[in-house]
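Next come the chains, spelled out residue by residue.
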Amino acid sequence: MSAPLTSLDRPNSYIGRSVPRPNAKRLLAGRGRYVSDLRLPRMLYAAFLRSPHAHAKIVSINTDEARKLEGVHLVAIGADLAKICTPWTGTLDHFKGMISAPQLPLPLDRVVWAGQAVVAVVAESRAIAEDALELIEVDYEDLPLVVDIDSARAAGGPVINPGSTNNICFRAQLDNGAVDDAFAHAAHVVEEEFSFGRHTAVTLEPRAIVADYDPAAGALTVHHATQTPYQFQDLYSRHYGIAEAHVRVVATDIGGSFGMKLHVYHEDMAVVGLSILLGRPVKYVADRIESFVSDIHARDHRVRARMALDAKGEILAMDVRDLTAIGAFSTYPRTSVVEGNQVIRLMGAPYRFKNYRATLEVIFQNKVQTSQYRAVGHPIACAVTERLVDMAAAKVGLDPFSIRAQNVIADDAYPQTSPTGYRFEALSHQACLKRLHELMDYDGLRAEQADLRKRGVYRGIGIAAFVEITNPSPAFYGVGGARISSQDGAILSVTPSGEVRCLISVTEQGQGTEAIISQIVADQLGIAQEHVKVITGDTEVTPHGGATWACRGAGIGGETALQATRALKRNILEIAALILQEQPSALDIINGEIVDAGTRNQRIPISEIARIAYFRSDTLPPGTQAQLTVSHHFAPQGYPFAFTNGIQGCSLEVDVETGFVKVLKHFIVEDCGRIINPMLVDEQLRGGIVQGLGAALFEECRYSETGQLVNGSLADYLVPMAMEMPDIVIAHVETPTADTVLGAKGVGEAGTAAASACVLNAVNDALTPFDATINSIPITPIKILKALKRF
Amino acid sequence: MDIEETAVKARAFSYFRAATIDQALDAHARAGDDARFIAGGQSLVPALSLRLQAPRLLIDITHIDEMRGVRREGGYLRIGALTRHCEMLSEPLVAEFAPLLHAAAPFVAHPAIRNRGTFGGSVALADPASEFPAMTLALDAEIEIVGPTGRRRVKADDFFLDLFETALQPGELITAIYVPLFKADQRFAFDELARRRGDYAMVGCGIMATCAGDRINDIRISFFSVGNTPTRVKGAEATLIGSSLDAERIAAAQAALEGDLAPPDSDEVPPAMRLHLARVLLGRLLGRLGESA
Ligand SMILES: Cc1cc2nc3c(=O)[nH]c(=O)nc-3n(C[C@H](O)[C@H](O)[C@H](O)COP(=O)(O)OP(=O)(O)OC[C@H]3O[C@@H](n4cnc5c(N)ncnc54)[C@H](O)[C@@H]3O)c2cc1C
C-alpha cells in the first residue's frame, strides 16, 4: 500500500534522503552520556597491574602493602575471580578442529602477553588504585617466547599452550576446480608474498564499563560501551550464574567501536566479578596505553599467492596460503579465525575464474589477541587479489581497467557462486568500473602522470575492486554454537499524542543507526521524522537482537523496522476504519493524518486515533481492542549474506628521495543496494576509507623481539589525520537486494575493504620507472627507500 | 571531572604559583631536588600522567612577569622564556628579527599545544627532536639563566650537553633567550621531514647564512632528530663558507654530513636511512637558500 520506496517527492519520503541525524546536535553540544560520564552512588574504581613480560610464570604475588593503603577496598588476583566466574573458550563448532585454551578474568599462574592484566585493585578513586598498583610485587619467571610467525611455526620451538604439540589454532583448506592443471597450462603466472602488519581500532572513547551488582536483588546491571549488549547479557549471565532476566546491559552513547567493542575482555569480565565480590558499583575505563596493549588488534597476515592467466589476460586460477598470528588465545565469543577465514574466501571475489585453492593457518603467539575489526579480512583479500591483477596486467600488457573489465563477473550474469563458495545475488562490477573511469578522469590522470614523470615527479594511480560481506545470517555465528543473534527485534508504540516510539535491538555507535531507523519508520508510517523517537541499547527495554556489527544495522535492523512499521500501520488503519466507517484499504497515512487513499483528502489525525484508543475506548465498537503497540522480529532468509561491491581509485605522489607518500585524491564507486540516507552512507565510506588509508600508510602495532609493544601511544602509533587525508570523491550504483522489502545492504566496511589495496597499487604504479616493488602494508618511508635502494 | 574521577592518574603533588623569580628559586631550594618548574606543561604533564616523573612539588612559573614579552635589546631580540609557541607565529618582532623561529613555529606540534607550550620550556627540556632548541643553535642565540648563584648567559653552542642534559642546573630557570637581530645580508631556511604535520620530525634542519651576493660568508646549519642533542654540522658548514651554492658545493656539504652526524639506532629509521634523509633535506634547503639570493 505504500508508495514506491524511491519516490522522494511525496510527503514523509525519508528513504533515500539526506537528513541529519537526530542525535548529532546533542553529541556536539557535549550532552552525550558515555559510560565514562557515569557516576553511581557508592561507586568504586578499578585499576589493573599488567604483566611486563610477554610470556612468564607467575611465581608469587604480594599484595599486602596495596591492601593496607587507605582507600583501597579490594585487591583481587586470578584465584579470587576464578571462584565466581566460569572459564571461557574462544572456539566455534563450525571451525572444525579449532583449539584455544580456556580463559579467566585474571591469570592463575602464567601470563601470555605483555600488558595482560594480572592483579585488580578497587579503590575510592582511580588515582588511589594506581598508587596501590605500585605497591604490589609480582615475581615472574620468564618462559620462552613466541613473537613472530616464523618462530611460532618452527619445529621444536616454544609452545604457548601446555598440552599442545604446536602453536596451531586452526587450519582450513579450500580446493575447487583444477588448480594445478590451470597453472600448468597458464600463459602467465604472477606470484608474490605479502605481509600485513597489526593495527588496532583506536576509538575516541576507550573501552569503558561500570558493573553494578545488587546482592539484595541478585541483579546485575552493567553499563558497557559495547556494540552488542545482548551478547554480553547472555555471557555475564552464564559465566557468573545469574539468571539472564536479572542481568541488564546498558549501552548508551558509544564513542566509536569498529568491531573492537564486540569482544570479551579480561578486564571487563573482571570488573563484573569485582562488583559481585564488593556488592558495589565498580568502574573501569581503559586509558590509551591500556587500550593499545589490551584492545584487540587486527590483521597480522602473511600471504603467498599466485594467479594464473591465459595469453589474453583471462584469469584462470588462484592459489593462496594465508598465515595469520592471533595472540595467545582466540577471542571469545566470536573467535580470532573469522578474519583468516574471510581472507581465503574473499580472494578473487570480483572475478569469474573457477579454479581456486587456499590454505589457512592460524597461529598462536605471545601478543594481545587479534579479532574482528572493521572490514574483517577484506583488506587483505582485496590487496592480494588486486595487486596480483595489476602485476598480471603489466605482464600481459593490459591497462588495469581493461584487465578488470575483461575478468569481472558480468552485471547480467547473476546469481553466481564464487570459487571460494560464496553465493552472490546481484553485483555491479561492470557499472562501477565504468563509473570510476569517468569519475577519476582516468585518461587525464595518466596523461598528467606521464608529463610529470619527465620532470622527476612520480605519481601513481591505483584501482581496486572489492566485494563486501553484509547482512550475515545465522551461517556466520549461530551455526557455530555462538549465542549471537542474526535477527533483530523492534517494538513500536503510538504515544497518546500520536507520535511513535521505536525500541529496536540494533545499536548506535556514532554511525547514525538511530537516524536511519527513524527515517524508515517515518517513511513507512507516513509521519514526520521528528515524531519518531528511537531507543536503543538497553537489554531491559529493547528486544533481543544481533545489534550492530558486520554491516547489519541498515540491512537487517532496517528491514525489522520496516516490517514492524507496516504492522503498526495496519493496526492504526484498522482502528481508523472503524471510526470512519471505511475499509482499511481505502485509507492511508500522510504526515500524521489518516487520508483517503485515492483522493488524499484528510480524514482524521493519528493523534485523534490515539486519544480515542487510549482514553475513550468506550466509543469504539464493542469487541474492539486497539493495538497501538506492535512487536516484530525479522531474521534474514534467502542468501546467507548480502554481498555488496564497488571499486576504489587513488591518485598519489611518491617522493622517491624521502619515501614519503602523499595521497592526492581518492575515489569510490560503491553499491550498497538501497541507500536510506545518502549523507550517512557517504560518511561511512569516507570514514572507512580514512581507516583504510591509515592502515595502508601509517598504522602498525610494532613489537620488540621480547614481545613488547613499542609504540603504544598516540605519539608513536600514527593514526591518519586531516592534514594527510585527501579529498574523497564518491559515486553510487544501486542494486537493492530482493531478499528484503527495503533492499538495503551494508556499507560500513566498504571504504576500509579496498583503500589499502588501492594505495598499494598506486605506490607500485608510481615506482614502475624504478626496479622496485612494495608488497607490505603499511607502506612506510623505510620500505619505499629500501625498495629503491636509497640507503 | 574532579580528583575522584578516572582520568586522574598522576601521583599526588603540591602546587605553588610563583609571582617572582626569587619566589620560584626559593620554593625549589626548599623542596630539595623533589620539585619541577611547570611552564606550558605540554611535556611535563604527560610525563606526570604516565608517572615517568613524580615530583612532590610543582612550581608554576607562568605568572612571573620578568620572563614574558618579546623586545629589542641592543643587537638582540630578547624573547622571554614564557613566550608561547603560538606567539612565535603572531608576534611581528619575531617575524622581522628572528624569521627562522617564525618559520619553524608552524612545525611545532598542533595549535592546542602551541597555545600553551613555551619557548623557554622547549629549550630547557632540550628534546633532540624539537625544533626550537636546534634553532637556537642555528641562530647563535644566548640563553639567560638565573639560579641560586646568580644570573648568566650561555651560548647555545655551550648549552646542549647530552640527551635531555643541558647547562641548566637543577633549580635554575631560563628567563629569556637572546637572538641576534636578523640582518639584511642574511638568509635562512627551515624544513623538516615528518610523516604527519605536527609530529616530531624524522629529520629537521634550520639554516642561517650571511652572504655577500652569491658568496656565503658565514653559515650555521643545525639539525634536530639526528642524535642525542640538537646538532650543528660543522663539517658541512666548512665546505660552504667562502663559496657559492652551486650543485657541486651542495653535494660536498651533503657528503660532509657523514662525518658530522652519528644517528642513533632505531627500527623505524635506522642510522643509514636518517643520514640519507638528512642529506636529502640539506640538499633541498641549500637549493632553496640559493634560490632566495
Ligand atoms: C602531542 C604533542 C606534540 C608535540 N609536538 C612537538 C613538536 O612537534 N615539536 C616540539 O618541539 N615540541 C612538541 N611538543 C612539546 C611542546 O612543544 C612542549 O610544550 C615543549 O617542549 C615544552 O614546553 P612547556 O612550556 O610546555 O614546558 P613544560 O612541559 O611546562 O616543562 C618541560 C620541562 O622544562 C622545564 N621548564 C619549563 N620552563 C622552564 C624554564 N623557563 N626554565 C627552566 N626549566 C623550565 C620544566 O621543569 C620541565 O622539566 C609536543 C607536545 C605534545 C603534547
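Residues numbered from 1 in each chain as written. Chains lettered and ligands numbered in written order. Predicted model: local features only at pLDDT ≥ 70, side-chain atom pairs only at ≥ 80, totals over all residues. Heavy atoms only, no water.

## With respect to the domain arrangement of chain A
All names here are of chain A. The line we're drawing: For the purposes of this description, domain bounds are those given by an automatic or database domain assignment. Pairs of residues are marked as contacts when any of their non-hydrogen atoms sit within 4.5 Å. Buried area is understood as the total, over both parts, of accessible area removed when two parts are fitted together, assessed with a 1.4 Å probe. Here, a salt bridge means any side-chain nitrogen of Lys or Arg that lies within 4 Å of a carboxyl oxygen of Asp or Glu. What qualifies as a polar contact is a pair of N or O atoms within 3.5 Å, subject to a donor-acceptor requirement within protein and to the restriction that residues adjacent in sequence count only when both atoms come from side chains.
Examined at the domain level, chain A breaks down into domain 1 (24-32 + 487-634), domain 2 (35-143 + 202-294) and domain 3 (373-472 + 640-787). A C-alpha centroid distance of 39 Å is found between domain 1 and domain 2. Between domain 1 and domain 2, the residue contacts involve 22 residues of the former and 17 residues of the latter. Across the domain 1/domain 2 interface, buried area totals approximately 1,400 Å², and carbon plus sulfur atoms make up 47% of it. Our count for the domain 1 to domain 2 interface comes out at two salt bridges. One salt bridge in this structure joins Asp 538 and Arg 248, with 2.6 Å as the shortest N-O distance. At the junction of domain 1 and domain 2, the tally comes to nine residue pairs in polar contact (both at pLDDT 80 or more).

## Considerations on the interface of chain B and chain A
By a widely used convention, the size of an interface equals the accessible area lost when the partners come together. Selection criterion: Numbering goes from the N terminus for both helices and strands, where a helix is a DSSP run of H or I of at least four residues and a strand is a run of E of at least two. Note on residue classes: Ala, Val, Leu, Ile, Met, Phe, Trp, Tyr, Cys and Pro are nonpolar, Asp, Glu, Lys and Arg are charged, and everything else, Gly too, is polar.
Between chain B and chain A, the residue contacts involve 27 residues of the former and 34 residues of the latter. On inspection of chain B and its partner chain A, the count reaches five salt bridges. Put simply, chain B and chain A have 10 residue pairs in polar contact (both at pLDDT 80 or more) between them. Residue contributions to the side of chain B that touches chain A peak at six residues, all from helix H12 (residues 271-291) of chain B. Tallied by class, the residues present in the side of chain B that touches chain A amount to 11 nonpolar, three polar and 13 charged.

## Quick look at the pattern of salt bridges
All names here are of chain A. Formally: Exposed residues in this analysis have more than 50% of their type's maximum accessible area, buried residues have under 20%, and partly exposed residues fall in between, with area computed by a 1.4 Å probe over protein chains only.
In this structure the tally under the stated criterion is 67 salt bridges over all chains. Between Arg 171 and Glu 361 there is a salt bridge whose closest N-O contact spans 3.3 Å. Here the residue Arg 171 occupies a position in strand S7 (residues 168-176), and Glu 361 occupies one in strand S15 (residues 355-363), the gap between them amounting to 190 residues. Taking the relative accessible area as the measure of exposure, Glu 361 reaches 11% and is therefore buried.

## Overview of helix H18 (residues 678-697) of chain A
For clarity, the threshold we go by: Here, expected helix span is obtained from the residue count minus one, scaled by 1.5 Å.
In a regular helix each residue adds 1.5 Å, so 20 residues correspond to 28 Å; H18(A) covers 28 Å between its end C-alpha atoms and thus fits that length. The buried count for H18(A) comes to 14 of 20 residues, which makes it a mostly enclosed element.

## Description of the environment of Val122(A)
Residue and element names in this part refer to chain A. When you line up the elements, Val 122 lands in strand S5 (residues 117-123). Given a relative accessible area of 0%, Val 122 falls into the buried group. Separated by 152 residues in the primary sequence, Val 122 and Leu 274 have C-alpha atoms spaced 7.8 Å apart. Setting aside anything within four residues of it in sequence, one finds Val 122 in contact with Leu 44, Tyr 45, Ala 46, Gly 71, Val 72, His 73, Leu 74, Leu 274, Leu 278 and Val 282.

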